[in-house]
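# Examination of the molecular architecture
In case you want the letters, here they are:
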Amino acid sequence: MGNFAANEGLSIFVIHALSWARAPAACLNFNCMLILLPVCRNLLSFLRGTVQCCSRTAARQLDRNITFHKLVAYMIAFHTAVHIVAHLFNFEYFMDAQLQRNSSHLPFVLSEIGSGDNASFLNPIRTNETNPTIVMFTTVAGLTGVAITLALILIITSSMEVIRRSYFEVFWYTHHLFVVFFVGLVFHGFGRIVRGQTAGSLETNRPEACAEHFEDWGGPGSGCAVPAFAGNPPMTWKWVVGPMILYVCERLVRFYRAHQKVVITKVVMHPSKTLELQMKRKGFHMEVGQYVFIQCPSVSRLEWHPFTLTSAPEEDYFSAHIRIVGDWTEALYEACVGDKTQPQEAWKLPKLAIDGPFGTASEDVFRYEVVMLVGAGIGVTPFASILKSVWYKRIQQNQEVFTKKIYFYWLCPETEAFEWFADLLQSLEGQMTEKGVTDFLSYNIYLTRWKETEAAHFRVHHEAENDPITGLKQKTLYGKPNWDHEFSSIATAHPGTKVGVFLCGPPQLGKSLEKQCLSHSEADVKFIFNKENF
Amino acid sequence: MGKIEWAMWANEQALASGLILLTGGIVGVAGQFRGWQFAAYAIAAGVFVCLLEYPRSKRAKGTSVERTGQYCFTVCVKSFGPLTRNYYVRAFLHAAICVPGGFMLATVLGCVCLGIASIIYLAAAIRGEHWEPIVPRKDTVRPPPADIKNPPQNPPPRPPPETRRKRVEDLEGAAYDNPIPVKD
């Protein structure tokens, strides 16, 4: 870009804060280009699939797309602030230049240029009977600037963690103001309000030599003609048009996928307010641990909610276990089940739309020889898919899988939530005993909260062969696992291997597991941490 | 759209507006712009709005997350009683505060943002929300005795297996069967 003083010429004598405004504008161009890319999840899923064949590490970077989106957003906010402050100063200088009507004042002389033809002027404020606020509201740059800054502020305040976690809809709908933001951004430079000395004028009026003799410009023998200024053509659209097109394609893909017919084949109501929906869609193909977005038009036309798939790829349907916690899930329950106890006719079930499936870290499970799966509460759902797939591959088809040993930890606060998953574990247990492969899967269930009455019951049934809660042979453990001990025993049992650690749970657990992974990764055993969180 | 408490968003928006007013005011005064008196007013207004909006209200439903160190601000705001409890008052107060900011370019943005916050507060007030202070919980959790650090490493002592007879036919009754008599 070169030296601004050399390029813009005499502008710098009026627009003192020009570089302070141009620099963040350049950064804003770049950041606004980047911000749309991490949220094109279909594109990312596609990239992830293609890259995964070459490099697992590279594919994993794509899992942190939302973090990247947030970081770029912070940068946009920061640069916007600097840009606005710089232009506040610039407008003040513009106004100053018009108000100090003194021919021996260079800024005033420069401001008078172009008053005749209204084309070659420098100062966008053309008279002294106005004020910066009015000028701002009467220029394209000013109006678009205000509009996009307001949109940005509303987007930011509704994206605060408190609002996002509690009222996702407010966050999601307000975020669509980004359309206003991008449209305004593209048109922001169309008024060509920031002007520099034209190339032709720089020849006839060289700033270094002529700036001092401004009173003689245009006069005979001065060697300096009257300078002419013009605005630069708008550049921003060149930066953002590509990502905007990609994002439009992304929304079209989502729209198309949403309109493919989805059929609910079975609805199961589990205890602990969990609804299982088994569905089919033509051409649907999934991998383990993926998730989909589900929309139910009869409940809400605009809401899409993510759910992990709990079925294995080997099954002929796909399923999701939905916990009934909020308005949307309750309404979905009413639509699918309601209070009916008789079997429903298939056509009475509501129409659904599915977007996905989208990949997450759990896809990588089968690429590790030894795997530790940790699920906390409802976070166990992706692992349901993995365990089922394991069962199908190893037991039924007797395929050779790369994964030799799975350690599964489930941390759960209440006993009722065990039911549907316990059935799965029970059938797995039975099948494995039948086939004699008992040491492939080792699972530990931790009950982190219990009531006094339950504790008495456990004490009494301590000697029973099957666990009183789950009915499994493996006894339920109480409290939280001693991770240090677990990691050490796994490290000693499997020297020289890469152990994949997969977590779906709260961030604090993630942090402590990450620390454990780092501290127990010695020369021969490496623990590689993968975290999935919505 | 679910049972959203609009006041929560209004609070975030108002706090952001306070900061923007403050920044605009500082720029106006530091740069000695024309109309710097409005900028000076904006500094004062910005600080006032930030102090008023910093303490989060307790939510009607769900867990409330405090801002760091908000307790002293909660006490101050609480002491104004119905003036700060009622969101109609806040809506009109913010609308009134924001007006002088519109007279100077540096503070115009803060003015508009605060106006938007005022509208959201009005929506919250119409829905019947009000500000509740978050007070710290009075029930102090008893700290565990100092010597409880680790769970026991060994199982409890048990009599040898012969005396430990498992009556599988009556598990409930077996619970009260002490193989070794308990002595005082």
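Residues numbered from 1 in each chain as written. Chains lettered and ligands numbered in written order. Predicted model: local features only at pLDDT ≥ 70, side-chain atom pairs only at ≥ 80, totals over all residues. Heavy atoms only, no water.

### Some thoughts on the overall build of chain A
Tallying secondary structure elements over chain A gives 20 helices and 14 strands in all. Relative to its full complement of 534 residues, chain A shows a buried share of 50%. For chain A, the share of sequence-separated contacts (at least 6 apart) that also reach a separation of at least 24 residues comes to 74%. By element, 60% of the accessible surface of chain A is carried by carbon and sulfur atoms, the whole surface being about 25800 Å². (Helix = DSSP H or I, 4+ residues; strand = E, 2+ residues; numbered from the N terminus. Buried < 20%, exposed > 50% of the residue type's maximum accessible area, 1.4 Å probe, protein only. Contact = heavy atoms within 4.5 Å. Areas by Shrake-Rupley, 256 points an atom, 1.4 Å probe, with all protein chains shown as cover.)

### Thoughts on the overall build of chain B
Tallying secondary structure elements over chain B gives seven helices and zero strands in all. Each helix and strand of chain B, ordered N terminal to C terminal, gives the series α-α-α-α-α-α-α. A sequence separation of at least 24 residues applies to 72% of the contacts in chain B between residues at least 6 apart. By element, 65% of the accessible surface of chain B is carried by carbon and sulfur atoms, the whole surface being about 11400 Å².

### Here we look at the interface of chain A and chain B
Contacts between chain A and chain B engage 33 residues on the former and 33 residues on the latter. Here chain A and chain B share an interface that buries about 3000 Å² over both sides, 72% of which is from carbon and sulfur atoms. A salt bridge links B:R34 to A:D96; the nearest nitrogen and oxygen atoms lie 2.8 Å apart. Taken together, the links from chain A to chain B amount to five residue pairs in polar contact (both at pLDDT 80 or more). (Buried area = accessible area lost by both parts, 1.4 Å probe. Salt bridge = Lys/Arg side-chain N within 4 Å of Asp/Glu carboxyl O. Polar contact = N/O pair within 3.5 Å; in protein donor to acceptor, adjacent residues only side chain to side chain.)

### Description of the state of the cysteines
Scanning the model with the defined rule gives zero disulfides over all chains in all. Unpaired in terms of disulfides, A:C40 finds its nearest cysteine sulfur in A:C249, a separation of 8.8 Å. A relative accessible area of 0% means that A:C40 is categorised as buried. Between B:C50, a free cysteine, and B:C113, which holds the nearest cysteine sulfur, the sulfur-to-sulfur gap is 12 Å. With a relative accessible area of 14%, B:C50 lands in the buried category. (Disulfide = S-S within 2.5 Å.)

### A word on the pattern of salt bridges
Residue and element names in this part refer to chain B. This structure, assessed with the given rule, holds ten salt bridges over all chains. For the salt bridge of E12 with R56, the shortest nitrogen-to-oxygen distance reads 3.1 Å. Residue E12 is located in helix α1 (residues 6-30), and its partner R56 is located in the loop between α2 (36-53) and α3 (71-78); the two are separated by 44 residues in the primary sequence. The shortest N-O distance in the salt bridge between E132 and R85 comes to 3.0 Å. Residue E132 is located in the loop between α6 (105-126) and α7 (171-174), and its partner R85 is located in helix α4 (residues 82-85); the two are separated by 47 residues in the primary sequence.

### Here's the deal with the UniProt feature "transmembrane region" (unreviewed entry) in chain A
All names here are of chain A. Following the UniProt record, one finds the feature "transmembrane region" (unreviewed entry) at residues 20-40, 71-89, 134-158 and 170-190. Spanning residues 134-158, this segment combines 96% helix with 0% strand, and its end C-alpha atoms are found 30 Å apart. Here residues 170-190 is 76% helix and 0% strand, with 32 Å between the C-alpha atoms at its ends. (UniProt positions renumbered as here; feature names shortened; annotations may be inferred.)

### Section: unusual backbone geometry
Of note, the phi angle at A:R192 is positive, near 50°, even though the residue is not glycine. Here A:R192 lies in the loop between α11 (178-187) and β1 (195-197). On the accessibility criterion, A:R192 (37% relative accessible area) is partly exposed. Positioned with a positive phi, B:Q32 is a non-glycine residue whose angle comes to about 50°.

### Things to note about the nonpolar core
Among the nonpolar cores identified, the biggest contains 38 residues, and A:V14, A:F91, A:L110 and A:W217 are the most heavily contacted of them. The set of elements that each furnish at least two residues to this core consists of α5 (65-99), α6 (106-112), α7 (132-138) and α8 (140-158) of chain A together with α6 of chain B. For A:L110, the residues in contact, after removing those within four places along its chain, are A:L10, A:F13, A:V14, A:L122, A:W217, A:P227 and A:F229. Within the second largest apolar cluster, 32 residues are counted, among which are A:L373, A:W391, A:Y443 and A:I528. (Core = buried A, V, L, I, M, F, W, Y, C linked by side-chain atoms within 4.5 Å.)

### Describing α1(B)
Structural remark: α-helix, 3.6 residues per turn; residues separated by three or four positions point the same way. Compared with the 36 Å implied by 1.5 Å per residue over 25 residues, the 36 Å span of α1(B) between its first and last C-alpha is a close match. Once α1(B) finishes, B:Q32 follows within two positions and takes phi at roughly 50°, a positive value. (Expected span 1.5 Å × (residues − 1).)

### Examining the packing of aromatic side chains
Applying the stated criterion to the full structure yields 22 aromatic pairs over all chains. Measuring from centroid to centroid gives 5.6 Å for A:F181 and A:F182, while their planes differ by 80°, and the two rings are edge-to-face. The class of A:F182 is buried, set by a relative accessible area of 5%. Judged by centre distance (5.0 Å) and plane angle (35°), the ring pair of B:Y87 and B:Y121 falls under tilted. With B:Y87 in helix α5 (residues 87-98) and B:Y121 in helix α6, this pair connects stretches of sequence that are 34 residues apart. Owing to a relative accessible area of 2%, B:Y87 belongs among the buried residues under this scheme. Every member of this aromatic cluster is reached through a ring pair, and the members are A:Y409, A:Y446, A:W483, A:F487 and A:F527. When the ring centre of A:Y407 is taken as reference, the NZ or CZ atom of A:K405 above it lies at 5.1 Å. (Phe/Tyr/Trp six-rings, centres within 6.5 Å; stacked < 30°, edge-to-face > 60°. Lys NZ or Arg CZ within 6 Å of the ring centre and 35° of its normal.)

### Section: α5(B)
Residue and element names in this part refer to chain B. Under the 1.5 Å per step criterion, the end-to-end length of α5 is 16 Å for twelve residues, consistent within 8% with the ideal 16 Å. All of the buried residues along α5 are Y87, R90, A91, H94, I97 and C98. The arc that holds the buried residues of α5, viewed along the axis, is 135°, so those residues lie on one side. Buried residues belonging to α5 abut α1, α2, α3, α4 and α6. (Arc of directions from axis to C-beta.)

### Side note on the confidence of the model for chain A
All names here are of chain A. Averaged over chain A, the pLDDT score is 81; the fraction of residues at 70 or greater is 88%. Element-level mean pLDDT values for chain A span from 56 in helix α1 (residues 4-8) up to 94 in α11. Contacts from residues 1-5, a stretch scored under 50 in pLDDT, to residues over four places away or in other chains number five contacts. (pLDDT = per-residue confidence, 0-100.)

### Structural notes on the pairing of strand β10 (residues 405-412) of chain A
Residue and element names in this part refer to chain A. The buried fraction of β10 is high, at eight of eight residues. Here β10 shows two buried faces, one formed by K405, Y407, Y409 and L411 and the other by I406, F408, W410 and C412. Examined bridge by bridge, strand β9 (residues 370-376) and β10 share seven bridges and lie parallel to one another. Counterpart to V370 in the pairing with β10 is K405. Where β10 and strand β11 (residues 441-447) come together, seven bridges link them in parallel fashion. The residue of β11 that forms the bridge with Y407 is S442. (Pairing = 2+ DSSP bridges.)

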